[in-house]
Amino acid sequence: MTLIQKMLTGVALACLPAGAALADYPDRPVTILVPWGAGGGTDTIIRIFATGFEEAMGQPINVVNRDGGSGVVGHMAIAQARADGYTLGACTPEITYFKSIGLADLTPEKFTLISRLALIPAGITVAQDSPYADLPALVEAVKSEPAGHFQSSGSGIGGTWHMATAGFLKALGEPVDKIDFIPSKGGAPALQDMVSGGLNMFTGSPVEAKALADAGEVRILGIMSDERSDAFPDVPTLKESGVEFALSNWFSLCAPAGLPEEVTAKLAEAAREAHGAAVVQDALAQRGITPYFDGPEEFSTFAAGFADEAGTLLGELGLVN
(Lines give C-alpha, C1' and ligand atoms only; values in the text may rest on other atoms or scores of the structure.)
Protein backbone atom coordinates (compact mmCIF):
# COMPACT_ATOMS: atom_id res chain seq x y z
CA MET A 1 0.00 0.00 0.00
CA THR A 2 1.40 3.39 -1.00
CA LEU A 3 1.67 6.32 1.39
CA ILE A 4 -1.24 8.07 -0.36
CA GLN A 5 -3.39 4.94 -0.04
CA LYS A 6 -2.58 4.70 3.67
CA MET A 7 -3.51 8.35 4.15
CA LEU A 8 -6.80 7.89 2.33
CA THR A 9 -7.57 4.77 4.38
CA GLY A 10 -6.93 6.74 7.56
CA VAL A 11 -9.22 9.51 6.44
CA ALA A 12 -11.93 6.98 5.60
CA LEU A 13 -11.68 5.35 9.03
CA ALA A 14 -11.81 8.73 10.71
CA CYS A 15 -15.01 9.52 8.87
CA LEU A 16 -16.80 6.39 10.05
CA PRO A 17 -19.81 7.14 12.25
CA ALA A 18 -18.94 7.15 15.96
CA GLY A 19 -21.52 4.46 16.54
CA ALA A 20 -19.62 2.06 14.29
CA ALA A 21 -16.49 2.41 16.42
CA LEU A 22 -18.41 2.17 19.69
CA ALA A 23 -20.17 -0.97 18.51
CA ASP A 24 -16.79 -2.72 18.51
CA TYR A 25 -15.92 -1.60 22.04
CA PRO A 26 -13.84 -3.05 23.57
CA ASP A 27 -11.50 -4.27 20.87
CA ARG A 28 -8.27 -4.14 22.88
CA PRO A 29 -7.08 -4.52 26.49
CA VAL A 30 -8.50 -2.26 29.20
CA THR A 31 -6.48 -0.74 32.05
CA ILE A 32 -7.79 -0.08 35.55
CA LEU A 33 -5.72 2.44 37.52
CA VAL A 34 -5.64 1.84 41.29
CA PRO A 35 -4.74 5.05 43.20
CA TRP A 36 -3.36 3.07 46.14
CA GLY A 37 -0.50 0.65 46.73
CA ALA A 38 -0.31 -3.02 45.80
CA GLY A 39 -1.69 -5.37 48.43
CA GLY A 40 -4.00 -2.81 50.02
CA GLY A 41 -7.77 -3.00 50.26
CA THR A 42 -8.52 -1.19 47.00
CA ASP A 43 -5.93 -3.20 45.10
CA THR A 44 -7.26 -6.49 46.49
CA ILE A 45 -10.86 -5.69 45.59
CA ILE A 46 -10.06 -4.55 42.06
CA ARG A 47 -7.86 -7.57 41.31
CA ILE A 48 -10.63 -9.90 42.51
CA PHE A 49 -13.18 -8.02 40.42
CA ALA A 50 -10.87 -8.10 37.38
CA THR A 51 -11.01 -11.90 37.26
CA GLY A 52 -14.70 -11.72 36.40
CA PHE A 53 -14.51 -8.43 34.48
CA GLU A 54 -11.96 -9.82 32.04
CA GLU A 55 -14.34 -12.58 31.04
CA ALA A 56 -17.32 -10.24 30.82
CA MET A 57 -15.42 -7.73 28.67
CA GLY A 58 -13.80 -10.34 26.46
CA GLN A 59 -10.47 -8.51 26.69
CA PRO A 60 -7.45 -8.60 29.01
CA ILE A 61 -7.77 -6.32 32.05
CA ASN A 62 -4.54 -4.73 33.24
CA VAL A 63 -4.52 -3.50 36.86
CA VAL A 64 -1.92 -0.78 37.39
CA ASN A 65 -1.11 0.81 40.75
CA ARG A 66 -0.56 4.57 40.64
CA ASP A 67 -0.26 5.54 44.28
CA GLY A 68 1.12 8.65 45.94
CA GLY A 69 -0.03 11.94 47.38
CA SER A 70 -2.72 10.39 49.62
CA GLY A 71 -4.50 9.08 46.56
CA VAL A 72 -4.23 12.29 44.56
CA VAL A 73 -1.71 10.99 42.00
CA GLY A 74 -3.79 8.02 40.88
CA HIS A 75 -7.15 9.78 40.95
CA MET A 76 -5.71 12.66 38.92
CA ALA A 77 -4.37 10.16 36.38
CA ILE A 78 -7.85 8.64 36.05
CA ALA A 79 -9.52 12.03 35.65
CA GLN A 80 -7.01 13.17 33.02
CA ALA A 81 -7.05 9.96 30.95
CA ARG A 82 -8.72 9.82 27.56
CA ALA A 83 -12.45 9.20 27.95
CA ASP A 84 -12.65 6.27 25.56
CA GLY A 85 -13.31 3.37 27.93
CA TYR A 86 -9.81 1.92 27.76
CA THR A 87 -8.52 3.60 30.90
CA LEU A 88 -10.74 3.07 33.93
CA GLY A 89 -10.10 3.60 37.60
CA ALA A 90 -10.85 2.50 41.13
CA CYS A 91 -12.31 5.62 42.75
CA THR A 92 -12.50 5.73 46.54
CA PRO A 93 -14.27 8.15 48.93
CA GLU A 94 -11.48 10.71 48.67
CA ILE A 95 -12.95 12.00 45.39
CA THR A 96 -15.77 13.53 47.44
CA TYR A 97 -13.51 15.64 49.65
CA PHE A 98 -10.13 16.13 47.96
CA LYS A 99 -11.18 19.66 46.98
CA SER A 100 -12.81 20.62 50.26
CA ILE A 101 -9.66 19.86 52.27
CA GLY A 102 -7.40 21.53 49.72
CA LEU A 103 -5.55 18.49 48.38
CA ALA A 104 -6.60 18.66 44.72
CA ASP A 105 -9.23 20.06 42.38
CA LEU A 106 -10.97 16.71 42.15
CA THR A 107 -14.68 16.13 42.69
CA PRO A 108 -17.12 13.37 41.63
CA GLU A 109 -17.96 15.51 38.58
CA LYS A 110 -14.45 14.86 37.25
CA PHE A 111 -15.33 11.18 36.79
CA THR A 112 -17.85 8.91 35.15
CA LEU A 113 -19.14 6.88 38.09
CA ILE A 114 -19.98 3.34 36.98
CA SER A 115 -20.68 1.49 40.23
CA ARG A 116 -19.56 0.81 43.73
CA LEU A 117 -18.14 -2.70 43.94
CA ALA A 118 -17.55 -3.31 47.64
CA LEU A 119 -17.96 -1.86 51.10
CA ILE A 120 -15.79 -2.21 54.19
CA PRO A 121 -17.43 -0.75 57.30
CA ALA A 122 -15.47 0.96 60.02
CA GLY A 123 -15.32 -0.63 63.45
CA ILE A 124 -14.02 -0.16 66.95
CA THR A 125 -11.19 -2.42 68.09
CA VAL A 126 -9.20 -2.44 71.33
CA ALA A 127 -6.17 -4.39 72.53
CA GLN A 128 -6.81 -7.70 74.25
CA ASP A 129 -5.69 -6.28 77.60
CA SER A 130 -7.95 -3.22 77.29
CA PRO A 131 -10.17 -2.55 80.35
CA TYR A 132 -13.17 -2.20 78.02
CA ALA A 133 -14.75 -5.62 77.58
CA ASP A 134 -17.59 -4.55 75.33
CA LEU A 135 -18.95 -1.62 73.35
CA PRO A 136 -21.26 -0.20 76.08
CA ALA A 137 -18.31 -0.04 78.48
CA LEU A 138 -16.21 1.81 75.94
CA VAL A 139 -19.05 4.19 75.07
CA GLU A 140 -19.51 5.05 78.76
CA ALA A 141 -15.77 5.69 79.14
CA VAL A 142 -15.63 7.90 76.06
CA LYS A 143 -18.46 9.98 77.50
CA SER A 144 -17.00 10.24 80.99
CA GLU A 145 -13.28 10.61 80.36
CA PRO A 146 -11.80 14.01 79.44
CA ALA A 147 -10.79 15.00 75.92
CA GLY A 148 -7.50 13.43 74.90
CA HIS A 149 -7.86 10.39 77.12
CA PHE A 150 -8.47 8.21 74.05
CA GLN A 151 -6.24 8.03 71.00
CA SER A 152 -7.24 6.30 67.80
CA SER A 153 -5.86 5.87 64.31
CA GLY A 154 -6.20 3.91 61.08
CA SER A 155 -5.68 6.45 58.27
CA GLY A 156 -4.34 9.89 57.55
CA ILE A 157 -5.95 13.05 58.91
CA GLY A 158 -9.26 13.58 57.13
CA GLY A 159 -9.40 9.98 55.88
CA THR A 160 -12.45 7.74 56.12
CA TRP A 161 -11.40 6.22 59.44
CA HIS A 162 -10.83 9.71 60.87
CA MET A 163 -14.38 10.57 59.82
CA ALA A 164 -15.52 7.34 61.47
CA THR A 165 -14.07 8.54 64.76
CA ALA A 166 -15.68 11.95 64.39
CA GLY A 167 -19.06 10.50 63.41
CA PHE A 168 -19.00 8.10 66.36
CA LEU A 169 -18.35 10.99 68.75
CA LYS A 170 -21.01 13.16 67.13
CA ALA A 171 -23.57 10.38 67.53
CA LEU A 172 -22.69 10.28 71.25
CA GLY A 173 -23.29 14.01 71.52
CA GLU A 174 -19.60 14.63 72.18
CA PRO A 175 -17.17 17.04 70.45
CA VAL A 176 -15.95 15.46 67.21
CA ASP A 177 -12.32 15.92 68.27
CA LYS A 178 -12.64 14.53 71.80
CA ILE A 179 -10.65 11.45 70.72
CA ASP A 180 -7.16 12.35 69.54
CA PHE A 181 -6.76 10.94 66.04
CA ILE A 182 -3.15 10.04 65.29
CA PRO A 183 -2.40 9.88 61.54
CA SER A 184 -0.96 6.64 60.18
CA LYS A 185 -0.11 5.14 56.81
CA GLY A 186 -2.83 2.53 57.14
CA GLY A 187 -4.52 0.03 59.38
CA ALA A 188 -1.61 -2.35 59.89
CA PRO A 189 0.80 0.13 61.51
CA ALA A 190 -2.03 1.65 63.55
CA LEU A 191 -3.00 -1.76 64.91
CA GLN A 192 0.57 -2.59 65.80
CA ASP A 193 0.84 0.73 67.60
CA MET A 194 -2.29 -0.11 69.57
CA VAL A 195 -1.07 -3.59 70.48
CA SER A 196 2.19 -2.11 71.74
CA GLY A 197 0.32 0.41 73.90
CA GLY A 198 0.70 3.55 71.80
CA LEU A 199 -3.06 3.83 71.18
CA ASN A 200 -6.06 2.66 73.17
CA MET A 201 -8.46 2.11 70.27
CA PHE A 202 -8.62 1.61 66.50
CA THR A 203 -11.47 2.94 64.37
CA GLY A 204 -10.46 1.33 61.08
CA SER A 205 -11.81 -1.76 59.39
CA PRO A 206 -12.48 -4.98 61.33
CA VAL A 207 -11.17 -6.74 58.21
CA GLU A 208 -7.76 -5.25 58.91
CA ALA A 209 -8.00 -6.34 62.55
CA LYS A 210 -9.20 -9.89 61.85
CA ALA A 211 -5.80 -11.61 61.87
CA LEU A 212 -4.86 -10.05 65.20
CA ALA A 213 -8.30 -10.86 66.60
CA ASP A 214 -7.92 -14.49 65.54
CA ALA A 215 -4.50 -14.51 67.25
CA GLY A 216 -6.04 -13.21 70.48
CA GLU A 217 -4.18 -9.90 70.43
CA VAL A 218 -7.14 -7.56 69.90
CA ARG A 219 -10.91 -7.53 70.45
CA ILE A 220 -13.35 -6.11 67.91
CA LEU A 221 -16.08 -4.44 69.99
CA GLY A 222 -18.38 -3.02 67.34
CA ILE A 223 -18.94 -2.47 63.65
CA MET A 224 -20.21 0.71 62.02
CA SER A 225 -22.74 -0.85 59.65
CA ASP A 226 -26.51 -1.06 59.54
CA GLU A 227 -26.44 -4.84 59.99
CA ARG A 228 -24.00 -7.36 61.40
CA SER A 229 -21.37 -8.60 59.00
CA ASP A 230 -21.43 -12.23 57.90
CA ALA A 231 -17.66 -12.21 58.41
CA PHE A 232 -18.07 -11.05 62.03
CA PRO A 233 -21.41 -12.51 63.15
CA ASP A 234 -20.60 -12.11 66.86
CA VAL A 235 -19.65 -8.44 66.59
CA PRO A 236 -22.59 -6.09 67.31
CA THR A 237 -23.29 -2.95 65.31
CA LEU A 238 -23.04 0.41 67.02
CA LYS A 239 -26.77 0.81 66.52
CA GLU A 240 -27.40 -2.24 68.70
CA SER A 241 -25.85 -0.24 71.53
CA GLY A 242 -27.95 2.81 70.75
CA VAL A 243 -25.27 4.68 68.80
CA GLU A 244 -27.02 5.79 65.60
CA PHE A 245 -24.07 5.94 63.25
CA ALA A 246 -22.75 3.88 60.35
CA LEU A 247 -19.90 4.52 57.93
CA SER A 248 -18.28 2.30 55.32
CA ASN A 249 -15.29 2.80 53.11
CA TRP A 250 -16.34 2.14 49.53
CA PHE A 251 -14.50 1.00 46.44
CA SER A 252 -15.74 1.60 42.92
CA LEU A 253 -15.25 1.36 39.20
CA CYS A 254 -15.01 4.74 37.52
CA ALA A 255 -13.67 6.43 34.40
CA PRO A 256 -12.78 9.94 33.23
CA ALA A 257 -15.70 12.37 32.85
CA GLY A 258 -17.20 12.59 29.39
CA LEU A 259 -17.31 8.86 28.67
CA PRO A 260 -19.77 8.20 25.80
CA GLU A 261 -23.13 6.93 27.05
CA GLU A 262 -22.87 3.78 24.94
CA VAL A 263 -19.51 2.92 26.48
CA THR A 264 -20.78 3.66 30.00
CA ALA A 265 -23.73 1.35 29.40
CA LYS A 266 -21.49 -1.45 28.13
CA LEU A 267 -19.15 -1.06 31.09
CA ALA A 268 -22.01 -1.07 33.57
CA GLU A 269 -23.49 -4.20 32.01
CA ALA A 270 -20.16 -6.02 31.98
CA ALA A 271 -19.36 -4.86 35.51
CA ARG A 272 -22.70 -6.13 36.81
CA GLU A 273 -22.10 -9.52 35.16
CA ALA A 274 -18.55 -9.72 36.55
CA HIS A 275 -19.59 -8.61 40.01
CA GLY A 276 -22.26 -11.31 40.18
CA ALA A 277 -19.84 -14.11 39.26
CA ALA A 278 -19.39 -16.66 42.04
CA VAL A 279 -15.60 -16.39 41.84
CA VAL A 280 -15.82 -12.67 42.65
CA GLN A 281 -18.56 -12.87 45.27
CA ASP A 282 -16.89 -15.73 47.13
CA ALA A 283 -13.42 -14.20 47.10
CA LEU A 284 -14.71 -10.91 48.52
CA ALA A 285 -16.86 -12.58 51.17
CA GLN A 286 -14.00 -14.83 52.31
CA ARG A 287 -12.01 -11.70 53.13
CA GLY A 288 -14.82 -10.11 55.10
CA ILE A 289 -15.51 -7.58 52.34
CA THR A 290 -19.14 -6.80 51.53
CA PRO A 291 -19.88 -7.05 47.79
CA TYR A 292 -22.07 -4.17 46.59
CA PHE A 293 -23.29 -3.06 43.18
CA ASP A 294 -25.47 -0.03 42.54
CA GLY A 295 -24.84 1.14 38.96
CA PRO A 296 -24.20 4.61 37.48
CA GLU A 297 -27.36 6.46 38.51
CA GLU A 298 -27.57 5.29 42.11
CA PHE A 299 -23.81 5.63 42.60
CA SER A 300 -23.87 9.24 41.40
CA THR A 301 -26.71 10.07 43.80
CA PHE A 302 -24.88 8.34 46.65
CA ALA A 303 -21.60 10.16 45.92
CA ALA A 304 -23.34 13.55 46.13
CA GLY A 305 -24.86 12.65 49.49
CA PHE A 306 -21.58 11.24 50.81
CA ALA A 307 -19.82 14.45 49.80
CA ASP A 308 -22.29 16.44 51.89
CA GLU A 309 -21.86 14.16 54.91
CA ALA A 310 -18.07 14.15 54.60
CA GLY A 311 -18.01 17.92 54.17
CA THR A 312 -20.00 18.37 57.37
CA LEU A 313 -17.76 16.11 59.46
CA LEU A 314 -14.55 17.49 58.02
CA GLY A 315 -15.82 21.02 58.55
CA GLU A 316 -16.55 20.29 62.20
CA LEU A 317 -13.03 18.90 62.49
CA GLY A 318 -11.69 22.17 61.12
CA LEU A 319 -10.20 20.56 58.04
CA VAL A 320 -12.24 22.27 55.30
CA ASN A 321 -10.41 25.15 53.61
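About the criteria used
- Residues numbered from 1 in each chain as written.
- Predicted model: local features only at pLDDT ≥ 70, side-chain atom pairs only at ≥ 80, totals over all residues.
- Heavy atoms only, no water.
- 1 Å grid on protein atoms, 1.4 Å probe; cavity = no way out; pocket = protein on both sides within 12 Å on 5 of 7 lines; lining within 4 Å.
- Points joined across faces, edges and corners; volume = space filled by probe spheres on them.
- Helix = DSSP H or I, 4+ residues; strand = E, 2+ residues; numbered from the N terminus.
- Core = buried A, V, L, I, M, F, W, Y, C linked by side-chain atoms within 4.5 Å.
- Buried < 20%, exposed > 50% of the residue type's maximum accessible area, 1.4 Å probe, protein only.
- Contact = heavy atoms within 4.5 Å.
- Disulfide = S-S within 2.5 Å.

Some thoughts on the layout of surface pockets
And then number 1: In this model, the largest pocket occupies a volume close to 1000 Å³.
And then number 2: Lining of the largest pocket is provided by 38 residues; of these, Trp36, Gly154, Lys185, Gly186 and Glu208 occupy positions nearest its centre.
And then number 3: At the level of elements, α3 (41-57), α6 (160-171), α8 (206-214) and β9 (248-256) are the ones that each hand at least two residues to the lining of the largest pocket.
And then number 4: With 3 residues, the single largest contributor to the lining of the largest pocket is α3.

Brief notes about the nonpolar core
And then number 1: Counting residues in each nonpolar core, the largest one holds 51 residues, and the members touching the most others are Phe111 and Phe168.
And then number 2: Looking at this core, the elements that each hand over two or more residues are α4 (72-80), β4 (111-121), β5 (123-127), α5 (135-144), α6, β9 and α11 (295-316).
And then number 3: With residues up to four places along the chain from it excluded, the contact list for Phe111 reads His75, Ile78, Ala79, Cys91, Ile95, Leu106, Cys254, Ala255, Pro256 and Ala257.
And then number 4: Grouped together as the second largest cluster of nonpolar side chains are 26 residues, Val34, Ile46, Leu117 and Ala274 included.

Topic: the state of the cysteines
And then number 1: One pass over the full model with this rule turns up 1 disulfide.
And then number 2: The partner cysteine of Cys91 in its disulfide is Cys254, sulfur to sulfur 2.2 Å. Note on the Cys91 and Cys254 pair: the S-S dihedral is about 80°, so by sign convention the disulfide is right-handed. Linking Cys91 in the loop between β3 (87-89) and β4 with Cys254 in strand β9, this pair joins segments that are 163 residues apart in sequence.
And then number 3: For Cys254, a relative accessible area of 0% translates into the label buried.

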